[in-house]
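If you want the building blocks of each chain, they are given just below.
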Number of protein chains: 4
Amino acid sequence: MPYDPVDDPTPDPDSSLRERLWRIIFLSDTRAGRAFDIVLLILIAASVVVVMLESVSEFREQHGRLLFVLEWSFTIVFTAEYLVRLWVVRRRLRYATSFFGIVDLLSILPTYLELFLTGSGYIMIIRVLRLLRMFRVLKMAHHLGQANVLLNALLASRGKISVFLFSLLSIVCIEGTLMYLIEGGQPDSGFTSIPQAVYWGIVTITTVGYGDVTPVTVAGKMLASVMMLTGFAILAVPTGIVTAELHRELEATRLDRRRCRECGHVGHEPAARYCKMCGVDLPE
Amino acid sequence: MPYDPVDDPTPDPDSSLRERLWRIIFLSDTRAGRAFDIVLLILIAASVVVVMLESVSEFREQHGRLLFVLEWSFTIVFTAEYLVRLWVVRRRLRYATSFFGIVDLLSILPTYLELFLTGSGYIMIIRVLRLLRMFRVLKMAHHLGQANVLLNALLASRGKISVFLFSLLSIVCIEGTLMYLIEGGQPDSGFTSIPQAVYWGIVTITTVGYGDVTPVTVAGKMLASVMMLTGFAILAVPTGIVTAELHRELEATRLDRRRCRECGHVGHEPAARYCKMCGVDLPE
Amino acid sequence: MPYDPVDDPTPDPDSSLRERLWRIIFLSDTRAGRAFDIVLLILIAASVVVVMLESVSEFREQHGRLLFVLEWSFTIVFTAEYLVRLWVVRRRLRYATSFFGIVDLLSILPTYLELFLTGSGYIMIIRVLRLLRMFRVLKMAHHLGQANVLLNALLASRGKISVFLFSLLSIVCIEGTLMYLIEGGQPDSGFTSIPQAVYWGIVTITTVGYGDVTPVTVAGKMLASVMMLTGFAILAVPTGIVTAELHRELEATRLDRRRCRECGHVGHEPAARYCKMCGVDLPE
Amino acid sequence: MPYDPVDDPTPDPDSSLRERLWRIIFLSDTRAGRAFDIVLLILIAASVVVVMLESVSEFREQHGRLLFVLEWSFTIVFTAEYLVRLWVVRRRLRYATSFFGIVDLLSILPTYLELFLTGSGYIMIIRVLRLLRMFRVLKMAHHLGQANVLLNALLASRGKISVFLFSLLSIVCIEGTLMYLIEGGQPDSGFTSIPQAVYWGIVTITTVGYGDVTPVTVAGKMLASVMMLTGFAILAVPTGIVTAELHRELEATRLDRRRCRECGHVGHEPAARYCKMCGVDLPE
């Protein structure tokens, strides 16, 4: 359930502190709101860096104490922020169950969890998702519009892409099995089992090509070549899908904003002079 | 020859069991038909996993007996299903020679074959193709429509793509030979023969890049660089082909052939009722 | 200078053998002409395979004598064919200097050259280009039309692609130098010199990624990551160029074939009713 | 601040030498100007090659003296050229702070700097940017127009591409952390820390695939496969963005805003003189 601050009614007029905090935290149309957002983004970025550095063993051994202190400082600040958010917001459940509400919670829980459960701390990397708030700060509306066009194009091609991916997987399974039959018997072969061969097939057909498993027999190399070349031609498909959808999406944003004064239809072509729905002439 | 259940006339009204079975097995418009399809898909997926696990040597050694029992259970169930399909269907030859009819047969034969011929069992991986029936279960019509658009776009660009692939192969043969002449003499060179060099060329030009064969001389690296960069520009071609065809295909589904009887304008949207140019009503 | 058999006037009527041979060799509209083309294509394919096998050392040692005999047989047949072509054709110079004329000559010369100059034999791989004649045999006109659309799209985007490739090379040179400064000092580093680093840059930015040279320092990995991600976004450019041109090219082939009876203009849109050049009404 | 020679007023008429030099150096519309440009481009290319060769240790040891002399010769020539440019140009500050003005300065400074600071010499590779002047010499206007279309398409998709890259980075961070948790404990694992795993994620999702870090556990390979396949579908996005923008850009250069005064049709080709819908003549 999305939580949109604009939908949220202004908090009670009597609690003016709460109202002001809400405006600062959830919107960025005031000077204080902007400052809050920027400070928050810097803190989040810093905390993500700390989580990453904690995993580097040399760094952890040398600066373990510092990282520990930083980690707890960030967690305490973010916990306070989360509680304040919960307090100032009106539709509490809606915020708590929204995408950012859940991400906010998941960003602080792991540190507390680690008191009981070692190793759970890395889940904090989920904090990186909080950085997506950035788009709200930097020219929000414009960039979110861009994201919408992208998302719409991806959603519109969802059906085609899932058909494509499933067909691809079927082909990779069959070709992987063939490669296992051809290459499996070789000494030191990387094709030790069908799942391994399917993994190789995915690495090959997506043109990643690690090279940790490669064919060594002549027949294997020939089959791999055929797979790469045909795979190569097939792989143009998802690009074609997204491009065609994106093109259609971009075209749609160019359609006219003129509204027919008779039937109210919107979405006329720029060249149109008469409403295609009811036939009356359109305004210039 | 495709077998389309909708074309098949309803079986004899006297054999009501056969008719009911036919409806359950081949269509998924009833509750029982849906349940049958879902159970079947789960069984197929499970049997594919079993075939894959059988190839993992540690797993086969530990759970060989279990896999053996599972494999035979699946085969017996699928054999029964195939026989029932053959019984209930009216145009038997048509079903047996259709794509899914052949796949259904090939999915059970290998287990019996393996009684006489060791190693033939892995052909069972072909069962994965039976999963393509999935699209019939999950919002069939819609997804198959998507697949049709994709297939049409690929078929329409078949000519261009084969011209492209053949030209690519010619270039790769010539460049592979050049690389063999340049790199072949090096000690420990991977370019041991022209076919090997052509294999390298395909790995390189499709941007897979395993790294099992790489140039070591300066001249070889320069030729490889030229090949990657020009190849890179050429490789945009199949994507361009599929995208342009897909775009045309998508446009065609929006096209309208109606001509305005007043101004003669063609190219109205399917939803339009009046000519957008002169305002008179369009023919149905 | 292209040699087009259709432009070539029929040879002298008195030398009917020459005329018949010309028709058989250069056209494929008769039964004999078709048979000749197919036999020739098989011979060419076989001779390409022989050249490739000759480079496989085990094969050469075992079947060296056989390959030698085959190679000379093919060369003698192709030499005879070349001489006959020269004889039957009318515009001899035009054929000899055309693309296929030069390829035909280069396909036989190397065998003779090798009598004096060891190692020159592999140039025979150029025979693979003779296979391009294939498109004339299999539905010639249609496939060549496809090739023309591709070629036109590539030629139309030539300017944009060369600007793109040159800018890419400049970026790769600068980033390669940076990588050399960062990684060059490491022991066992692959970045032994700037040209080597530029080679790495090309391998990386074209997403080939052999892995024979990879960054090992933290700074190097960060720069490489930035390079891959931005490079990734930039690399969409050639695809975009070719797609847009191809789309335009395909659109152009849909333009009307109607010729204005007044000014003779061709290339009206299907919806057009009046000539856009002189205003008279177009035929249906 | 761009410096455009065409905007620059002709220098004082009394200093005719300065005026003539300005025309030779900044324009290429005279025979001398063309010759100057070509000689300069050759010198720049040669000096870039010298900088590159200097980094090859064997070459530097053998021909160190020659390279030293060449390097200083080029620097002195380029210094003279820079001073002359500064002298003949009228808007000196504008030239000095323009893109090419800064590149010209950075191309000569490093040699002098190296007298005091060893290792700074490789910054001279920036000279490669001076080669971009090439486009002015070879059919300048046309190629720059091509570059403009490309640049406009890239700029127009800037917003969408940055949204895309940032989302990609978030996904890679989270998937990298997951891979670290799965693979990190393995002996000899390449996933030694989260930053390392994120580096692997970028190498994988851009389909570069070096193979210096690869998953070894079954779970790791499964996650990597999911990442490659979904990543593969997502990666079609930047191509789609650039293609759609480029297509729009190319269309825009063909657009015509003229409206027929009779039927109101908009969207005539620039060459059209009469409305294709009703046959009346179009306004200029």
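Just so you know, these numbers come straight off a predicted model, no measurement behind them.

### What about unusual backbone geometry?
Unusually for a residue other than glycine, Thr 207 of chain B sits at a positive phi of about 60°. Counting through the fold element by element, Thr 207 of chain B comes out in the loop between α10 (194-205) and α11 (218-234).

### Focus: the packing of aromatic side chains
For the structure on display, the rule yields 20 aromatic pairs over all chains. On the numbers, 6.2 Å between centres and 20° between planes, the contact of Phe 74 of chain B with Phe 78 of chain B is stacked. With Phe 74 of chain B and Phe 78 of chain B both in helix α3 (residues 57-88) and 4 residues apart, this pair spans about one turn of that helix. Here Phe 78 of chain B falls in the buried class, since its relative accessible area comes to 1%. Judged by centre distance (5.2 Å) and plane angle (70°), the rings of Phe 191 of chain B and Trp 200 of chain B are edge-to-face. Trp 200 of chain B shares its class with Phe 191 of chain B; the two are buried. Clustering of aromatic rings is evident, with ring pairs tying together Phe 26, Tyr 82 and Tyr 95 of chain A.

### A word on the packing of helix α1 (residues 16-26) of chain C against helix α3 (residues 57-88) of chain C
All names here are of chain C. Interaxial distance between α1 and α3 falls to 9 Å at its minimum, and their mutual angle equals 120°. As summarised for this structure, α1 and α3 are arranged oblique, according to the angle between their axes. As α1 packs across α3, the resulting crossing turns out to be left-handed. When α1 is examined against α3, the residues Leu 17, Arg 18, Leu 21, Trp 22, Ile 25 and Phe 26 are found in contact with a partner set consisting of Val 84, Arg 85, Trp 87 and Val 88. For the contact of α1 with α3, the class distribution of residues is 8 nonpolar, no polar and 2 charged.

### Brief notes about helix α5 (residues 99-106) of chain B
At 3.6 residues per turn, the α-helix brings residues three or four places apart onto the same side. Residue and element names in this part refer to chain B. Those residues of α5 lying buried are Gly 101, Val 103 and Asp 104. Viewed end-on, α5 has its buried residues packed into an arc of 165°, placing them on one side of the element. In this fold, the buried residues of α5 make contact with α3 and α4 (92-96).

### Concerning the confidence of the model for chain A
Residues and elements named next belong to chain A. Taken over all residues, the pLDDT of chain A has a mean of 78, while the share at 70 or more is 76%. Mean pLDDT values for the elements of chain A range from 57 in helix α7 (residues 134-137) up to 92 in helix α10 (residues 194-205). Model confidence for the complex: the whole-complex pTM is 0.82, and ipTM, which rates the interface, is 0.79.

### Brief notes about a nonpolar patch on the surface
All names here are of chain A. A grouping of Ile 102, Leu 105, Leu 106, Leu 109 and Leu 113 is seen on the molecular surface, where their side chains present a nonpolar patch of about 360 Å² in accessible area. Looking at the nonpolar patch, the elements that each hand over two or more residues are α5 (99-106) and α6 (109-113). A per-element tally of the nonpolar patch places α5 first, with 3 residues. Inspection of the secondary structure assignment puts Ile 102 in helix α5.

### A look at α3 of chain C
All names here are of chain C. Taking 1.5 Å of rise per residue, 32 residues should cover 46 Å, yet α3 covers just 41 Å from first to last C-alpha, more than 12% shy of that figure. At His 63, α3 shows its maximal bend, which comes to roughly 85°. Looking only at α3, the buried set comprises Leu 67, Glu 71, Trp 72, Phe 74, Thr 75, Phe 78, Thr 79, Glu 81, Tyr 82, Arg 85 and Val 88. Summarising the contacts, the buried residues of α3 are in contact with α1, α2 (31-54), α4 (92-96), α5 (99-106) and α6 (109-113).

Cut-offs and rules
- Residues numbered from 1 in each chain as written.
- Chains lettered and ligands numbered in written order.
- Predicted model: local features only at pLDDT ≥ 70, side-chain atom pairs only at ≥ 80, totals over all residues.
- Heavy atoms only, no water.
- Helix = DSSP H or I, 4+ residues; strand = E, 2+ residues; numbered from the N terminus.
- Phe/Tyr/Trp six-rings, centres within 6.5 Å; stacked < 30°, edge-to-face > 60°.
- Buried < 20%, exposed > 50% of the residue type's maximum accessible area, 1.4 Å probe, protein only.
- Axes fitted to C-alpha atoms, helices over the stretch in contact; angles between N-to-C directions.
- Parallel < 35°, antiparallel > 145°, perpendicular 65-115°, else oblique.
- Left-handed = near helix turned anticlockwise from the far one by under 90°.
- Contact = heavy atoms within 4.5 Å.
- Nonpolar A, V, L, I, M, F, W, Y, C, P; charged D, E, K, R; others polar.
- Arc of directions from axis to C-beta.
- pLDDT = per-residue confidence, 0-100.
- Patch = residues over 30% accessible without salt bridge, like charges linked within 9 Å, V, L, I, M, F, W, Y side chains within 5 Å.
- Areas by Shrake-Rupley, 256 points an atom, 1.4 Å probe, with all protein chains shown as cover.
- Salt bridge = Lys/Arg side-chain N within 4 Å of Asp/Glu carboxyl O.
- Expected span 1.5 Å × (residues − 1).
- Bend = angle between axes of the 7 residues up to and from the residue.

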